[in-house]
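# Observations on the three-dimensional arrangement
If you want the building blocks of each chain, they are given just below.
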Amino acid sequence: MQGHTLKMWEQVTGQYKTDLAGKVIADFGCGPGRFLDIVRKKGGKVIGLDMSSAVEAAKKKFPKRPECFDLSG
C-alpha cells in the first residue's frame, strides 16, 4: 500500500521527489492518516485534522505523536 499512497500523494499535491525537511504541513481531513506518514518520511512535520471518527485510526497509528486532532466537537 505504501507505493500506492506515495503515488497518490504525488498526484494530489504535485510534489514529486520533494524533500519536506523544515516544513510543517497541515492535513485537513486526514482521515486515518495516509499522508501523515508520507510527510514524515519526506522529513516534514505534519498535523492531521479531521472532523470524523476516522482520525481515531490515525491516533492509533501514531500513538507516540500527538499530531492528530479530532475537530468534531
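Data block above holds the structure.
So, here's what we can say about the structure. Every chain's residues receive numbers from 1 upward, in the order its sequence appears when written. Owing to the predicted nature of the model, reporting of local features is limited to residues with pLDDT of at least 70; listing and counting of side-chain atom pairs is limited to 80 or more, with chain, interface and lining totals taken over all residues. Values shown for side chains rest on all heavy atoms present in the structure; no hydrogens or waters enter the calculation.

### Comments concerning the pairing of strand β2 (residues 45-50)
Definition in use: Should DSSP find at least two bridges between two strands, the strands are taken to pair. Helix numbers and strand numbers start at the N terminus; a helix is a DSSP run of H or I with at least 4 residues, a strand a run of E with at least 2. Crossover handedness is defined here as right-handed if the route from the first strand over the helix to the second strand goes clockwise, with the strands pointing away from the viewer.
Sheet topology places strand β1 (residues 24-28) next to β2; five bridges connect them, and they run parallel. If you follow D27 over to β2, its bridge partner there is G48. As for the winding sense of the linkage, the β-α-β connection from β1 through helix α2 (residues 34-41) to β2 is right-handed.

### Some thoughts on the nonpolar core
Generally speaking, nonpolar side chains in soluble globular proteins are found buried as a group. For clarity, the threshold we go by: In this text, buried Ala, Val, Leu, Ile, Met, Phe, Trp, Tyr and Cys residues form a nonpolar core when linked through side-chain atoms within 4.5 Å. Each residue's exposure class comes from its accessible area (1.4 Å probe, protein chains only) as a fraction of the maximum for that residue type: buried when under 20%, exposed when over 50%, partly exposed otherwise.
Membership of the largest hydrophobic core is limited to eleven residues, which are W9, L20, C30, F35, L36, I38, V39, V46, V55, A58 and F62. Secondary structure elements with two or more residues in this core: α2 and α3 (55-61). At four residues, the largest contribution of residues to this core is made by α2.

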